[in-house]
Amino acid sequence: MVKIGNIELGDFPLLLAPMEDVSDPPFRAVCKENGADLMYTEFISAEGLIRDADKSVQKLDIYNYERPIGIQIFGEKIESMREAAAIAENADPEIIDINYGCPVKKVACKGAGAGILLDLPKMQAMTSEIVKRVNKPVTVKTRLGWDEHSIKIEEVAMRLQDVGVQALTIHGRTRKQMYKGEANWSLIAKVKENPNIHIPIFGNGDIDSPQKALAYKNRYGIDGIMIGRAAIGYPWIFNEIKYFIATGNELRPPSISERVDVAKRHLNFSLEWKGERLGIFEMRRHYTNYFKRIPDFKSYRTRLVETEEPALILAILDEIKSQFSEIALV
Ligand SMILES: Cc1cc2nc3c(=O)[nH]c(=O)nc-3n(C[C@H](O)[C@H](O)[C@H](O)COP(=O)(O)O)c2cc1C
């Protein structure tokens with residue numbers, strides 16, 4: 001049984017990755033329904049929380065059915081991160097998560113996100129302050145290192161464990177790689193195999209099928225897997241992986257009708273939670289995957305991403321359902 005503090009996560013938990021403008025309550029709702037064991041919010045700016053900026057504060061919204069959930073914060077100043085952690089704790093998540101992995105220039109080059117991997121004493125001091133400030137378990141998500149010459153992920157894990165971090169997710173790329181190349185899971189496995197490291201180690205990077213998830217589970221010995229991009233528009237990935245691990249068989253893929261129903265729920269919740277403009281806009285990145293492998297789908301996809309009226313988008317989704325309902329997807 002994998003545990004973070006008192007939170008029991010089963011034998012091999014599957015985590016939904018924090019993803020900016022993706023891992024919001026509407027998307028988390030459909031991931032939870034489809035088997036995600038632990039979910040994280042998208043990253044939230046510590047400075048934004050302290051300033052009480054609407055955009056940051058809204059990201060603290062949590063619904064009871066999502067539990068357990070972690071709120072992820074990022075920032076470069078120790079003092080701000082400590083206060084932001086306390087604000088996040090007030091929103092009553094199960095976990096506070098620190099982002100030490102964001103590679104984006106405006107974050108990492110200021111010393112936040114993956115930028116802190118260039119200053120491990122500061123990383124440790126910041127983490128220690130946060131752990132002391134809150135009563136909930138603190139977890140960290142990071143990358144292997146800044147670049148291929150500065151990979152110190154075992155030291156990072158030790159330093160974090162020493163100051164009380166209760167689980168670590170490692171994306172098997174460096175900051176320099178951004179999203180290029182392949183995630184290096186051997187280096188994640190080395191952290192897991194280090195006899196001095198006892199906290200759960202979750203692997204992250206490029207898991208996009210039940211077969212790959214099972215193979216990596218067996219090969220790298222990690223405590224669980226975090227999934228990001230493969231869940232976008234395809235929340236079924238969580239239950240598909242679980243079923244494959246448990247039985248060695250593939251779960252029947254969702255029918256077109258199920259895909260439409262889930263996409264509609266997701267869209268409706270997005271409209272409600274973010275308002276019409278953003279709700280429609282941010283939903284667009286999900287359609288390709290929701291309707292992956294439907295033959296001759298392109299014109300529908302174009303209409304879905306070009307239409308700006310909610311009622312019309314819902315009507316297109318209904319049209320997809322009736323047009324393609326007979327198709328069996330494999
Ligand atoms: C659109 C997008 C937004 C992301 N935002 C965040 C974020 O807010 N916090 C974070 O720790 N990682 C973020 N990531 C990184 C993912 O959590 C994950 O580490 C990465 O996508 C690799 O996992 P995957 O191959 O399963 O997608 C983001 C990734 C994507 C694609």
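First things first, this report covers the structure right here in the doc. (Residues numbered from 1 in each chain as written. Predicted model: local features only at pLDDT ≥ 70, side-chain atom pairs only at ≥ 80, totals over all residues. Heavy atoms only, no water.)

On to the overall build of the chain. Helix and strand counts for the chain come out as 14 helices and 11 strands. A compact globule built from 330 residues would reach a C-alpha radius of gyration of about 20 Å, and the chain, at 20 Å, matches this within 12%. When the backbone C-alpha atoms are referred to their principal axes, the chain occupies close to 60 × 45 × 35 Å. Burial analysis of the chain (330 residues in total) assigns 58% to the buried set. Within the chain, residue pairs in contact and separated by at least 24 positions form 70% of the contacts whose partners lie at least 6 positions apart. (Helix = DSSP H or I, 4+ residues; strand = E, 2+ residues; numbered from the N terminus. Rg over C-alpha atoms; globule rule 2.2 N^0.38 Å. Buried < 20%, exposed > 50% of the residue type's maximum accessible area, 1.4 Å probe, protein only. Contact = heavy atoms within 4.5 Å.)

On to the side chain of Thr 307, then. Tracing the backbone shows Thr 307 in the loop between helix H13 (298-306) and helix H14 (310-324). Ignoring anything within four residues of it in the chain, the contact list for Thr 307 reads Ile 280, Arg 284, Leu 312, Ile 313 and Ile 316.

Right, let's get into the nonpolar core. Grouped together as the largest cluster of nonpolar side chains are 100 residues, with contacts concentrated most on Phe 291, Leu 317 and Ile 320. Mapped onto the domain boundaries, this core takes at least three residues apiece from domain 1 (3-247) and domain 2 (256-324). Ignoring anything within four residues of it in the chain, the contact list for Leu 317 reads Val 260, Ala 263, Lys 264, Leu 267, Tyr 287, Phe 291 and Leu 304. The next biggest cluster of nonpolar side chains, apart from the first, holds 5 residues, and it includes Phe 43, Phe 74, Val 107 and Ala 112. (Core = buried A, V, L, I, M, F, W, Y, C linked by side-chain atoms within 4.5 Å. Domains from an automatic or database assignment.)

One pair of aromatic rings is described through two measures. These are the centre distance and the angle between the planes. Across all of its chains, the model carries 13 aromatic pairs by this definition. Note on Trp 185 and Tyr 216: the rings are 5.0 Å apart at their centroids and 70° apart in plane angle, and the pair reads as edge-to-face. Taken as a pair, Trp 185 in helix H8 (residues 185-193) and Tyr 216 in helix H9 (residues 210-220) lie far apart in primary sequence, 31 residues in all. Grouping residues by exposure puts Trp 185 and Tyr 216 together as buried. Seen in terms of ring centroids, Tyr 300 and Phe 324 are 5.3 Å apart; in terms of plane orientation they differ by 75°. Their pairing is edge-to-face. Residue Tyr 300 is found in helix H13, and its partner Phe 324 is found in helix H14; the two are separated by 24 residues along the sequence. In this pair, the class of Tyr 300 matches that of Phe 324, namely buried. Put simply, the rings of Tyr 234, Trp 236, Tyr 290, Phe 291, Phe 297, Tyr 300 and Phe 324 pair up and form one aromatic cluster. The ring of Phe 12 is capped by Lys 217, whose NZ or CZ atom sits 5.1 Å from the centre of that ring. A cation sits over an aromatic face here: Lys 292 above Tyr 234, 5.1 Å from the ring centre. (Phe/Tyr/Trp six-rings, centres within 6.5 Å; stacked < 30°, edge-to-face > 60°. Lys NZ or Arg CZ within 6 Å of the ring centre and 35° of its normal.)

Let us look at the pattern of salt bridges. With the rule as written, the count across this model stands at 25 salt bridges. Where Asp 24 meets Lys 274, a salt bridge forms, and the shortest distance between an N and an O atom there is 2.4 Å. Linking Asp 24 in the loop between strand E3 (14-16) and helix H1 (25-33) with Lys 274 in helix H11 (residues 256-274), this pair joins segments that are 250 residues apart in sequence. An identical accessibility class is assigned to Asp 24 and Lys 274; each is buried. (Salt bridge = Lys/Arg side-chain N within 4 Å of Asp/Glu carboxyl O.)

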